[in-house]
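Descriptive analysis of the structure
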Amino acid sequence: MVNLTIDGKTISVPKGTTILEAARRLDIHIPTLCWLEKISTTGACRICAVEIEGVDRPMTACNTPVKEGIKVTTQSERLTRTRKQIMELILVNHPLDCPVCDAGGECDLQNTCFELNVTRQEFSAEDVQPAPIDHWPLIQQVPSRCILCEKCVKVCHEIVGADALFVNSKGDRAYVDKNLDKCIFCGNCVAVCPTGTMISKPFKFKARPWTLRKVPSVCTYCPSQCEIDINVQHDEVYRVTSTDGETTNNGTLCIGGFFGHDYINSKQRLREPKVEQQPTSWDNAFDRVVSEIRRITEESGAGAIAGLASPRLSNEENYLFQKLFRAAIGSNNIDSEARFGAMRALRALDKGLGLRGASNRLDAIGSADAILLFGADPTAEAPAVEWQIRKAAEHNNAKLVVANMRQIHISPLANTQLTYRPGSEIALAAGLGRLLMDRGHLDMAALEGSVNNLAELQVDLAAVDLENVVAVTGLNLALLTEAADLIGNGKKVAVVFGADICKSSFGTSTSATMANLAILSGALHGGGGIYPLAEKGNTQGVLDMGVYPESLPGYLDYSDYKERFGKAWGCELPAGGLDADGILQEIEAGKIRLLYLAATNPQSFPNSGRWLKALEKVEVLIVQDIFPTEVARLATVVLPGTSFAEKAGSFTSLDQTVRRTSPAIRPVGESREDLDIFAELFGRLSGSRVSLSGAEIFKEINELTNLYSGAEVVNDERRTCYKKAYTVPAGGLKYQLISVSEEATGLQLLSGPSRNHFGTTSLWATAPLEVEAEGLLNLNPADAAAAGISEGDTIKVSSSTGATVGKVKLSTDVPQGLIFAPYHFVALGIQQLIPDSANRTAVEIAKV
């Protein structure tokens, strides 16, 4: 510890602490402009100048480390004169355009001028600043307002890893410029700018900051569930912000969180109920739904009715959805799109590790010293995971192994990149396990105390043929060994896997290999963890609430606990039940006559063409959504629901933290909260009313399940959240023997998420569409040349399930033999080509 005195107050701080940090611990205010806690110091503005006894010139507090016994003065006449003169120099070329500057009212430069009583500018200089930069998407840059604090540059480099911003030129001609090819349009440069230099174009001239009401909430685009403030006025969302230090994401957002909100107030929103595509009253719509359910139940039984819920709905809404079907309708034919990915990971983790989600908090990734990122693109699936990986690698010197079929945004940060052949995931995982054993990285003492089939584990690993692994994966043994050593030498290991694993045709088996690697690498001990990524916002909540036929809420086996729940709900629950695949088959067979789609769009499901044909065939289609999708246009009854910004509820993040939200605006038009819709239907069908209080529903969940028993309840000024407890069973881990294999032949098409879009909802938001307006087919230049295809050409892609046409984007991130395409774009229709329960298929291409 280092002892020093600041303004007569003595303090002891760790070595390496800056004077500014020490002063903040004493609640001593030192003005700053360029300092930002979450990035490295710059010392550019010099406003934080302080005096140190024995030093003949002022020193910048933000980047001057403390020394034993120094005496620091933060306020004096000399410092006041120095700081005022520095401010006047900063203002030499700064335009006095505050009345039309969007930063007015929240400008650090304005505030510091006021604090230092800088009311005039004594200096003059030639104006050499370039004109405003207007050609960047979403962001305008006004160089004349820039004070070159470099906050934007450092956030871009150190936090989000884009490296898009840089200081162009030198001296008084210097300004912040951008490499658009590297920009990920996250908006963090706008958020940290202390002046009106970086401006959000969508927000520009829309409102004055002090007139906006900030409502604490959670972004539900992805399972990171970053904490945000929804800025509203007159029932309209104007922008979304997040605060450094006060939020779990430390103020950092992605393109969806910062820019992707205007779908909430879109003119295209569904604003009134419809029956047979004609506007009607809510009473008529409810009457039609209830009458159709009763008619079909009388004619064919409740088993002829099915429903699909959604990760876009809150926990309470998903809970009430499954209760509506099981208790009021009498059908257990319920499921969600989690069936095609997250459900597979859940089964594998539960069987091998006794886990039903991630095993640790998200921030534990940031403190790991070794990370295996396998079959995941966190930039697209869960951006906050990427930020934590970057924190670990750049601040903790963590070793990063990226195993992927293609190069992803975080690949340049990897110590080792394992670009494996499509379909070789299981072989690669087995090879890494064998090498962890051969290289002496297994903690046998820990394994003996935690794994109940250790003998099988050792036999299975010994049988792995490394030569075969090399042949199947296309990777050389030296690279595999390097990766195993990086993982094996870690004391705190994080294993992260994503859509390429759990959405594959062997998703459960491949996820099981991830569970095996968590056991072998020691990720379940020492503060590390295993993290399955699901791209949708409340996927964990859908599973928690039991919206699938095998389980009731809380992962309670349906057949074992249906009597208990039936007694609590005052009814007899039905036997059996169909999952999504079974529902589809029974629609095609004419046995499912009524389908209820709640905030879900099968156009994003695998083999979407098959789903659309089935939806056209189903006798009664109920669609509850917020936009007039192609599916909604097929509906018998359309029920307009609400976005997350219009409802109260709770959502569960990928690390199983449950956060509550409050409505920021009233429902758009005549739309209703989804919970209200379910409750109304439940009451009409069962004859008993359901409370619309989310707190009462949450209480019921707690009474019937142990989902939140032992959870830490966190109350703060922003919101209440539950941090679920994690239990890894001692002596109960099971190494899973995986025998399935897959050999991918021919040109392969991989479907996956884009880093600019989230599900299909963001296709209704103007900002993400400005950056990525259409889905493109990413093709390796060598494959394109062999087929006579050039950048921008339109090609036809055909698979065993369908065909589509789209434009080509040449990319070396995609290896030869692989095409990558985002699934979000309905117009591209890539999901028509993907077989049932898969994310990849063999295709043929031809120039159109």
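Throughout what follows, the structure given in this document is the object of discussion. (Residues numbered from 1 in each chain as written. Predicted model: local features only at pLDDT ≥ 70, side-chain atom pairs only at ≥ 80, totals over all residues. Heavy atoms only, no water.)

Looking only at helices and strands, the protein chain features 27 helices and 37 strands. Here the C-alpha radius of gyration of the protein chain, 28 Å, is about what a compact globule of 848 residues would show, namely 29 Å. By its C-alpha atoms, the protein chain is 90 × 70 × 60 Å across when sized along the principal axes. The buried share among the 848 residues of the protein chain stands at 60%. At a minimum sequence separation of 6, the contacts of the protein chain that also span at least 24 residues come to 73%. (Helix = DSSP H or I, 4+ residues; strand = E, 2+ residues; numbered from the N terminus. Rg over C-alpha atoms; globule rule 2.2 N^0.38 Å. Buried < 20%, exposed > 50% of the residue type's maximum accessible area, 1.4 Å probe, protein only. Contact = heavy atoms within 4.5 Å.)

Here we come to the environment of C721. Within the secondary structure layout, C721 lies in strand β30 (residues 720-723). C721 gets classed as buried once you look at its relative accessible area, which sits at 10%. Through-space distance from the C-alpha of C721 to that of S411 is 34 Å; in sequence the pair is 310 residues apart. Contact partners of C721, with chain neighbours within four places excluded, come to T657, V658, R659, E712, V713 and V714.

Attention shifts here to the nonpolar core. If you look at the biggest cluster of nonpolar residues, it comprises 80 residues, and the most contacted ones within it are L165, M198, Y263, I365, L373 and V385. Residue contacts for V385: discarding those within four places in its chain leaves S224, L362, I365, P378, V496, L533 and L654. Ranked by size, the runner-up nonpolar core spans 63 residues in total, among them I334, V658, I677 and Y722. (Core = buried A, V, L, I, M, F, W, Y, C linked by side-chain atoms within 4.5 Å.)

For the structure on display, the rule yields 42 salt bridges. Where E742 meets R840, a salt bridge forms, and the shortest distance between an N and an O atom there is 3.1 Å. Of this pair, E742 sits in the loop between β30 and β31 (748-752) while R840 sits in strand β36 (residues 840-842), and the two are 98 residues apart along the sequence. Each of E276, R288, E292, R295, E299, R593 and E619 takes part in a single network of salt bridges with overlapping partners. (Salt bridge = Lys/Arg side-chain N within 4 Å of Asp/Glu carboxyl O.)

This paragraph deals with helix α4 (residues 151-159). The buried fraction of α4 is high, at eight of nine residues. Among the residues making up α4, those that are buried are K151, C152, V153, K154, V155, C156, E158 and I159. Contacts made by the buried residues of α4 are with α3 (108-115), β7 (165-168), β8 (175-178), α5 (188-192), β9 (198-200) and α12 (383-395).

This next bit is on the sheet that holds strand β13 (residues 274-275). Strands in a sheet are paired, the pairing made by backbone hydrogen bonds, and the direction either parallel or antiparallel. Reading across the sheet, the seven strands line up as β14-β13-β26-β25-β24-β15-β16 and stay open at both edges, with mixed pairing between neighbours. At either margin of the open sheet sits one strand with a lone partner, and together these are β14 (278-279) and β16 (334-335). Here helix α8 (residues 315-329) sits on the sheet in contact with β15 (305-308), β16 and β24 (594-598), set at roughly 170° to β15. Contacts between helix α24 (residues 674-686) and the sheet are confined to β24, β25 (620-625) and β26 (637-640), with β24 contributing the most and set at about 150° to the helix. (Pairing = 2+ DSSP bridges. Axes fitted to C-alpha atoms, helices over the stretch in contact; angles between N-to-C directions.)

Contact geometry of helix α9 (residues 342-353) with helix α19 (residues 507-521) gives a least axis separation of 8 Å together with a crossing angle of 40°. With respect to their mutual orientation, α9 and α19 come out oblique. Here α9 and α19 pass one another in a crossing that is right-handed. In contact with R344, A345, R347, A348, L349, G352 and L353 of α9, α19 contributes G507, T508, S511, A512, A515, A518 and I519. Among the residues making up the contact of α9 with α19, the classes are represented as eight nonpolar, four polar and two charged. (Parallel < 35°, antiparallel > 145°, perpendicular 65-115°, else oblique. Left-handed = near helix turned anticlockwise from the far one by under 90°. Nonpolar A, V, L, I, M, F, W, Y, C, P; charged D, E, K, R; others polar.)

For the structure on display, the rule yields 19 aromatic pairs. Between the aromatic rings of F698 and Y722, the centroid separation amounts to 5.0 Å while the plane-to-plane angle is 45°, which identifies the pairing as tilted. Of this pair, F698 sits in helix α25 (residues 694-704) while Y722 is found in strand β30, placing the two residues 24 residues apart along the sequence. Taking the relative accessible area as the measure of exposure, Y722 reaches 17% and is therefore buried. Linked through ring pairs, Y221, Y263, F627, F758 and W764 together constitute an aromatic cluster. It is R660 that lies over the ring of F698; its NZ or CZ is 4.3 Å from the centre. Above the face of the W282 ring, R672 is positioned so that its terminal group lies 5.0 Å from the ring centre. (Phe/Tyr/Trp six-rings, centres within 6.5 Å; stacked < 30°, edge-to-face > 60°. Lys NZ or Arg CZ within 6 Å of the ring centre and 35° of its normal.)

With respect to topology, three strands assemble into an open sheet ordered β10-β11-β12, the strand pairing being antiparallel. Every other strand in the sheet has two partners, leaving β10 (213-218) and β12 (236-241) as the edge strands with one partner each. Ignoring strand direction, the axes of neighbouring strands in this sheet form an average angle of 35°. Note: strand β11 (residues 227-233) against β12, five bridges, orientation antiparallel. Bridge pairing in β12 links N231 to R239.

What follows is about the side chain of D229. You can see D229 is positioned in strand β11. Given the relative accessible area of 6%, D229 is considered buried. With residues near it in sequence (within four places) discarded, D229 still touches K214, V215, P216, R239, V240, T241, T243 and R718.

Note on placement: S144 falls in the loop between β6 (139-141) and α4. Residue classification places S144 among the buried residues on the basis of a relative accessible area of 18%. As for S144 and Y175, which are separated by 31 residues in sequence, their C-alpha atoms are 8.5 Å apart. Non-local contacts of S144, meaning those with residues more than four positions away in its chain, are made with N93, H94, P95 and Q129.

Our focus in this paragraph is helix α13 (residues 425-438). In a regular helix each residue adds 1.5 Å, so 14 residues correspond to 20 Å; α13 covers 20 Å between its end C-alpha atoms and thus fits that length. Taken across its 14 residues, α13 has eleven buried, putting it largely inside the fold. Just beyond α13, the residue with positive phi is G440, at close to 75°. (Expected span 1.5 Å × (residues − 1).)

Inspection of the secondary structure puts D335 in strand β16. Separated by 2.8 Å, the side chain of D335 and the backbone nitrogen of A580 make a polar contact. Sequence-distant contacts of D335, that is, excluding residues within four places in its chain, are made with G307, L308, A309, V547, Y548, P549, D579 and A580. (Polar contact = N/O pair within 3.5 Å; in protein donor to acceptor, adjacent residues only side chain to side chain.)

Enumeration according to the criterion identifies zero disulfides in this entry. Left without a disulfide partner, C48 is nearest to the cysteine sulfur of C62, which lies 3.9 Å away. Distance from the sulfur of C502, which forms no disulfide, to the nearest cysteine sulfur (C222) is 14 Å. (Disulfide = S-S within 2.5 Å.)

Here strand β28 (residues 657-661) runs beside β30; their pairing, made up of three bridges, is antiparallel. Opposite R659, over in β30, you have C721 as the bridge partner.

Let's shift gears to the packing of α8 against α25. Their axes nearest at 10 Å, the elements α8 and α25 cross at an angle of 65°. Considering the angle they form, α8 stands roughly perpendicular to α25. Regarding α8 and α25, the two cross each other, and that crossing is left-handed. Every residue of α25 that contacts α8 at E316, Y319, L320 and K323 is listed here: G694, I697, F698, E700, I701 and L704.

Spatial relationships are all this shows, so hold off on functional conclusions.
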